[in-house]
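This is what each chain is made of:
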Amino acid sequence: MPEGVEDHPALADPFVRSVIAEPTVAKLPAITRFLAHRVAEDAGVHQDAAVRAALELLDGRAAGHRVPADEPLRQRLQARADEWQAASRVGPDPEAFRRMHAALGVTGATAGRAAGGIVDSSNMLWGASGRHAGPGGQREELVMQFGVFTVGDVTVDPTNGREPTEHERIKAMVTIALKAEEVGLDVFATGEHHNPPFVPSSPTTMLGYIAARTSRLLLSTATTLITTNDPVKIAEDYAMLQHLADGRVDLMMGRGNTGPVYPWFGQDIRNGIPLAIENYDLLRRLWREDVVDWKGRFRTPLQSFTATPRPLDGVPPFVWHGSIRSPEIAEQAAYYGDGFFANHIFWPKEHTQRMVGLYRQRFEHYGHGSADQAIVGLGGQVFMRRNSQDAVREFRPYFDNAPVYGHGPSLEEFTAQTPLTVGSPQQVIDRTLGFRDYVGDYQRQLFLVDHAGLPLKTVLEQLDILGEEVVPVLRKEFDSLRPAHVPEAPTHAALVAAAGGAKDGTVHAVDDVTGKAPGAAR
């Protein structure tokens, strides 16, 4: 270990010392610098000074530099463990996530089961063959889910200068969901935002309304803000939605991409990863334990608390963890045996390949199954016309003026470097089938088709093409390539079967005088 580190109050933590001293890391100066930067940056030093101070400290040249020692470094450093290792391609620290949970005070049956390699019943979707055992022991065919997701942006149509009203945009989102079911898609997912130019601030309200208008469509979220929402409210809202939708519900946890949302909801963006870890651990307990006693860092304690209603059939909704760039979230998904959804929109395929690869490796490490049995979802963007020239010509003004990626790389550069596909239906089919080459067999594919000011009429035409020409081919091709041991996409029915059948989770109030629940034996 470099001299001076032992004497430094912020870097004397045994975990940090073990990382710095690890032989593989010592041979990789670039990774040592990456770790050093993160240590100093997380300790509260100005970023410019952080690089210099951390490098000097690790080289043993500047014992006089003092990074503040009163900052709660342990959880930040441990949350970074897999980030630096993923960047170095050394491989994750087998104990990093366990220590991170311990540092954050995440304890109890949930953490113990996962750390010990005991698979939660919610993750046991498949028998040894990889296929879900249906009633009477019959094997259901493998299923891959296809659908659309929306961020609910209110954006000017650059071809005519018209901006929809919030009312029009909300109604359009509902129309898109209904159309998705009509054309044979499986999933509709909405984002969650609390700032203009977005409208979906209450996903469960919208999804509850859509549930009443549909019969088959699976309703999900493109982001449920686990960092700034109260886990108690998430537990109750989505259990209620489960009941209303007869189980056609799952959700995707995420941290969002709007920095100001943290203080709006009384949180600090610098606690983003610790919030995601603590809040999700509490959410799982609220769904799985009838009575919860809990104390953490970021909300008031709970004493003898029961979230109501209880999950439908005694089985919580399936959870995906969505991420664009955070290895910690891939690790969290793997730790619990949950699904991992890679955004797969703004980054080249190599980035997605690394993120999914890390998740698969850690899924296997925690004893949930082999790496290729991990539950993976991907995003994607498409725009189609019968021939590619028409698609490019029509979509170009929307791309060039889009708030997210407009006025940057050209459409041609963006389609070459990211999964965005603008062209014919066959081009979309070929490109999407190619995703399997770098992420392996996966369970869910969601397309973004209603952004950047595209008019509703055009979006509905995109859905017709998806449902009639693209998805049927993708279903057939993906299914023919998928090995028998790779699991099907998660559904409420599969979760219930894995849990041994439906159970009434109703918790009856106890009479203050008799101490018995209503109807109990006297």
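For clarity, every value in this text was computed on a predicted model and none was experimentally measured. (Residues numbered from 1 in each chain as written. Predicted model: local features only at pLDDT ≥ 70, side-chain atom pairs only at ≥ 80, totals over all residues. Heavy atoms only, no water.)

> Hey, could you run me through the overall build of the protein chain in this one?
The number of helices and strands found in the protein chain is 20 helices and 13 strands. Burial analysis of the protein chain (522 residues in total) assigns 52% to the buried set. Carbon and sulfur atoms provide 53% of the accessible area of the protein chain, an area that totals close to 22100 Å². (Helix = DSSP H or I, 4+ residues; strand = E, 2+ residues; numbered from the N terminus. Buried < 20%, exposed > 50% of the residue type's maximum accessible area, 1.4 Å probe, protein only. Areas by Shrake-Rupley, 256 points an atom, 1.4 Å probe, with all protein chains shown as cover.)

> Help me understand the pairing of strand β13 (residues 444-447), please; the structure alone is not making it clear to me.
Along any regular strand the residues' side chains alternate between the sheet's two faces. Residues of β13 alternate between two faces, with Arg444 and Leu446 on one and Gln445 and Phe447 on the opposite face, all of them buried. Of the pairings in the sheet, the one linking strand β1 (residues 145-150) to β13 comprises four bridges and is parallel in character. By the bridge assignment for β13, Val148 is matched with Phe447. As paired strands, strand β10 (residues 376-378) and β13 are joined by two bridges and run parallel to one another. Bridge assignment links Leu378 to a residue of β13, and that residue is Gln445. (Pairing = 2+ DSSP bridges.)

> Whenever I open this one, the packing of helix α18 (residues 425-439) against helix α19 (residues 456-481) confuses me. Can you help?
The axes of two packed helices give the description: the angle between them and the distance between them. For the pair α18 and α19, the least separation of the axes is 10 Å and the interaxial angle reads 30°. Taken together, the axes of α18 and α19 lie roughly parallel to each other. The crossing of α18 and α19 is right-handed. Residues Pro425, Val428, Ile429, Thr432, Leu433 and Arg436 of α18 lie in contact with α19, whose contacting residues are Ile465, Glu469, Val470, Val473, Leu474, Glu477, Phe478 and Leu481. Of the residues contributing to the contact of α18 with α19, the split by class is 10 nonpolar, one polar and three charged. (Axes fitted to C-alpha atoms, helices over the stretch in contact; angles between N-to-C directions. Parallel < 35°, antiparallel > 145°, perpendicular 65-115°, else oblique. Left-handed = near helix turned anticlockwise from the far one by under 90°. Contact = heavy atoms within 4.5 Å. Nonpolar A, V, L, I, M, F, W, Y, C, P; charged D, E, K, R; others polar.)

> What's the story with helix α11 (residues 231-244) in this structure? I'm lost.
Each full turn of the α-helix corresponds to 3.6 residues, which orients residues three or four apart in the same direction. Its 14 residues place the ends of α11 20 Å apart at the C-alpha level, agreeing with the 20 Å of an ideal helix rising 1.5 Å per residue. Looking only at α11, the buried set comprises Pro231, Val232, Ile234, Ala235, Tyr238, Ala239, Leu241 and Gln242. With a side-chain oxygen positioned 3.1 Å from the backbone nitrogen of Val232, the residue opening α11 is Asp230. (Expected span 1.5 Å × (residues − 1). Polar contact = N/O pair within 3.5 Å; in protein donor to acceptor, adjacent residues only side chain to side chain.)

> Would you take a moment to explain the pairing of strand β2 (residues 187-190) for this structure?
By the alternation rule, side chains of β2 split into Val187 and Ala189 and Phe188 and Thr190, which are all buried. Where the polypeptide runs from β1 across helix α9 (residues 166-182) and back to β2, its parallel neighbour, the crossover connection is right-handed. Bridging between β2 and strand β3 (residues 218-221) involves four bridges; their strand directions are parallel. Bridge assignment links Phe188 to a residue of β3, and that residue is Leu219. As a crossover connection, the stretch from β2 through helix α10 (residues 203-213) into β3 is right-handed. (Right-handed = clockwise from strand over helix to strand, strands pointing away.)

> Quick question: what am I supposed to make of the pattern of salt bridges here?
Any two side chains of opposite charge can pair, given that their charged atoms come close. One pass over the structure, following the stated rule, counts 22 salt bridges. Put simply, Arg385 and Glu394 hold a salt bridge, and the shortest N to O gap is 2.7 Å. The partner of Arg482 in a salt bridge is Asp479, with the nearest N and O atoms 3.7 Å apart. Among the charged side chains, a network of salt bridges with common partners joins Arg385, Glu394, Lys457 and Glu461. (Salt bridge = Lys/Arg side-chain N within 4 Å of Asp/Glu carboxyl O.)

> Before we go on, may I ask you to explain unusual backbone geometry in this structure?
Of note, the bond from Thr308 into Pro309 is cis; its omega dihedral lies within 30 degrees of zero at -5°. Structurally, Pro309 is set in the loop between β7 (302-305) and β8 (318-323). Backbone geometry at Asp313 places phi at a positive 60°, although glycine is not the residue there. Structurally, Asp313 is set in the loop between β7 and β8. Looking at Asp313, the relative accessible area reads 27%, which means it is partly exposed.

> Sorry if this is basic, but what is going on with the packing of aromatic side chains here?
Each pair of aromatic rings is reported with the distance of its centres and the angle of its planes. One pass over the structure, following the stated rule, counts 12 aromatic pairs. Ring plane angle 90° and centroid distance 5.1 Å describe the contact between Tyr335 and Tyr336, whose orientation is recorded as edge-to-face. By relative accessible area, Tyr335 is classed as buried at 1%. With centroids separated by 5.1 Å and ring planes inclined at 25°, the aromatic side chains of Phe383 and Phe395 adopt a geometry described as stacked. With Phe383 in strand β11 (residues 382-384) and Phe395 in helix α16 (residues 388-401), this pair connects stretches of sequence that are 12 residues apart. Among the aromatic residues, those joined into a ring-pair cluster are Tyr280, Tyr335, Tyr336 and Tyr366. (Phe/Tyr/Trp six-rings, centres within 6.5 Å; stacked < 30°, edge-to-face > 60°.)

> Any chance you could explain the confidence of the model for the protein chain here in plain terms?
Fine structural detail should not be taken from predicted coordinates in areas where pLDDT scores are low. Put simply, the protein chain has an average pLDDT of 77, and 69% of its residues get 70 or more. pLDDT under 50 marks residues 22-142. Its contacts with residues more than four places away, or in other chains, come to 214 contacts. (pLDDT = per-residue confidence, 0-100.)

> What is the right way to read the sheet that holds strand β5 (residues 250-254) from this model?
Two orientations exist for strands paired in a sheet by backbone hydrogen bonds: parallel and antiparallel. A sheet is described by the order of its strands in space; here nine strands give the open sequence β3-β2-β1-β13-β10-β9-β8-β5-β4, paired in parallel fashion. The two strands at the open ends of the sheet, each matched to only one other strand, are β3 and β4 (224-225). The pairing of β8 with strand β9 (residues 339-342) spans four bridges and is parallel. Note on β9: the bridge partner recorded for Trp320 is Gly339.

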